[in-house]
Amino acid sequence: MVDITEDSSDMYDNVPPIRIEGKSETEAGTLNANSSARVLYISNADVTLGANITLTGGNETAYYIGTSGTGGVSAGGGVAVATGSVFTLNGGTISTNSAGSAADEPGYGGGVFVAPGAAFYMIDGSINDNKAMYSSGYGSHGKGAGVYVDASASPNNYGIFTMSGGSITGNTIPDTAGGYGGGVYVREGAQFTMSGNASISGNTIPNSTWKYGTGVYASASDSYEDTVFSMKGSAQVDGDNEVYLTSGAQIQIGGQLTGTGTVATITPEAYPGNQVQVLKLTADADTTIAANIAKFAVTAQQDGSDTLEWKIDTDGYLILATQPFITCSLDPVYSILSFAGNAVSKTVDEPVSVTVQNPGTVDVSGAVWNGNITSASGIRQELEAQTGGTTYTFTPAIPVGQYTVNIRLTLNGKTYTGAFSLSLTPGDTSGIIRTQAELAAAIASVNTGQTGYITVEKDIMMYESIVIERRTVVLSTPSGETATMKRAQGFGSAFFIVQEGGQLVLGAENTGSLILDGGAVWTTDSSGTNTGITATRALVSVSSSGQFTLNDGAILQNNESSGSGAGVSIGSGSSFTMNGGVIRDNDAASQGGGGIYVYQGTVTMNGGDITGNYAVSNYGGGGALIYEGEFIMNGGSITANKSANQGGR
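Caption draft 1: Broad picture of the side chain of Ser74. Secondary-structure assignment places Ser74 in strand 8 (residues 74-75). Of the polar contacts made by the side chain of Ser74, one reaches the backbone oxygen of Thr61; its length is 3.0 Å.

Caption draft 2: How the structure looks around the pairing of strand 18 (residues 160-163). Of the two faces of strand 18, the one holding Phe161 and Met163 is buried and the one holding Ile160 and Thr162 is not buried anywhere. Two strands pair when backbone bridges link them, and strand 14 (residues 119-128) and strand 18 are joined in this way by four bridges, in the parallel orientation. What sits directly across from Met122, in strand 18, is Met163. Here strand 18 pairs with strand 22 (residues 191-194) via four bridges, running parallel. Looking at the pairing, Ile160 lines up with Gln191 of strand 22.

Caption draft 3: Structural context of the sheet that holds strand 57 (residues 560-561). With parallel pairing, four strands are arranged side by side in an open sheet as 57-61-65-69. Each edge of the sheet is formed by a strand with only one pairing partner; in this case those strands are strand 57 and strand 69 (642-643). The pairing of strand 61 (residues 587-588) with strand 65 (residues 614-615) spans two bridges and is classified as parallel. Bridge pairing in strand 65 links Ala588 to Ala615.

Caption draft 4: Summary view of the sheet that holds strand 15 (residues 131-132). Judged by pairing direction, the sheet is parallel, and its three strands sit side by side in the order 7-11-15 without closing on themselves. Every interior strand has two partners, whereas the edge strands, strand 7 (59-60) and strand 15, have only one. Two strands pair when backbone bridges link them, and strand 11 (residues 98-99) and strand 15 are joined in this way by two bridges, in the parallel orientation. When the sheet's bridge partners are listed, Ser98 is paired in strand 15 with Lys131.

Definitions and limits used
Residues numbered from 1 in each chain as written. Predicted model: local features only at pLDDT ≥ 70, side-chain atom pairs only at ≥ 80, totals over all residues. Heavy atoms only, no water. Helix = DSSP H or I, 4+ residues; strand = E, 2+ residues; numbered from the N terminus. Polar contact = N/O pair within 3.5 Å; in protein donor to acceptor, adjacent residues only side chain to side chain. Buried < 20%, exposed > 50% of the residue type's maximum accessible area, 1.4 Å probe, protein only. Pairing = 2+ DSSP bridges.

Right, dumping it as structure tokens:
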């Protein structure tokens, strides 16, 4: 065994690139500072520590680097990497070193200290059982028992630590006063990247009240460049080691995380709902936050005697894991519904309940509740009105995402308004179609040239068109049940656009009712005033060799369109077969064809009913308008349709 003992910390100053390694596993080497100073100081040099070599016995207590203001700190018990230097660990061990002391300066980087403008690359090896000490003389805590990555407020002057392998384990800030970063401390503006099979585990800060980041402490500040702490591959900060994120700091996902189970448990500095983002993507990430959030856990919040469980939404923000209801209070002076607490998290088909906390002696039996849900991208759901009660319950019918819920409560002639944030998460993944996004994904999963049978069991709010091409899609509802697909406010196009050899079949034998509702609300019938939603296209638009079949159980209704046809529009070379079902109460406000519009296409009617539709334009055709097309009627009925001009039926 080769034992190299170094008593001077300046031996390796200003040396060209060198590699230090042991001869073999059986003849391993040691650099031992015998507790007199740090083991290795790298200045203006590029040094690699290879296999079969251990750096140990470092005890740095007097090297001032001036990063903490008055006095300084003791930096790098094992290795100090000065500005302009590069250090690579590729198989060696940095063990049982210490920085700082109670009488002298606090310790930063018990194993390795990386100065601003320096770089540390850890490819393999171990940093273990090192210490960063608390200074009672300066009243300052130890930071980064394993590694400390420094930075300055000057532009582009930050330390870089890239860990693509190896382990950081068993390091500690042993003082009873506690400290920051048992494994790694990342100062504001510094950069730390974990990838490959890099592992951080088993690091400790024994103090129970001043313990921040047993695994990693990542700090952020507006006065510094953005802090970077990124993870990808099978990199892992084990469950016994938390990642502490100060306000403004996040874990950046650089690629799909493949580690087993939880790859990091996050403790945020604060828990103010969706205002805190703890995950984001790097600029070159080839994945999404949604694909990785199951890999992260969040430390529970102690709120007085309550324990609040948190999780992360698909945009990387903290949200409450459970919240049975949302409370609000009445402000009679300003007519405000005041919502307290954090953002609400629900699954897409989970009811939301709003409860007034302080109605006092006010009679709420005549109260009228209503409102809407909106998003920054323009998605909008009008909520059904409810009369009476201190609690208003509704079910969102919109896709996963971030929303604002606007609530109106009219009570004794006065209207109170308020809003709160709502985060909708995927929830159950059993295959039940509950949103337009899930329906679109199910249709897209049908292979080209194949037939997909999709069951719709929940009401769906439609906020954009679904295009069907080169495949056949059969939509139905279970027997005895009803599911309604309803137009969202602000969405005016067709629910389904069938083209390029696509086929859509609505309804099937022995199924329930599947309703496509355009959102029009008629004062009398379809020839009256519409107080609801108006559209620009039919509910189903078929063109370019597309085919559409309507069977029993399917209903197309309440669509007012300024385009060609309100119920169904059939374009050149396309076909529509109506075996059953109903097309009712639709209004073609400009182009004619209240029920069906046909241009150079073919309609075959074998059954079903076309009724109560209206065409207000000169083109006419309340029930159907056929323009250079073919309409074959073998069965069914066309009744009670109207036209302002001609062809009422």
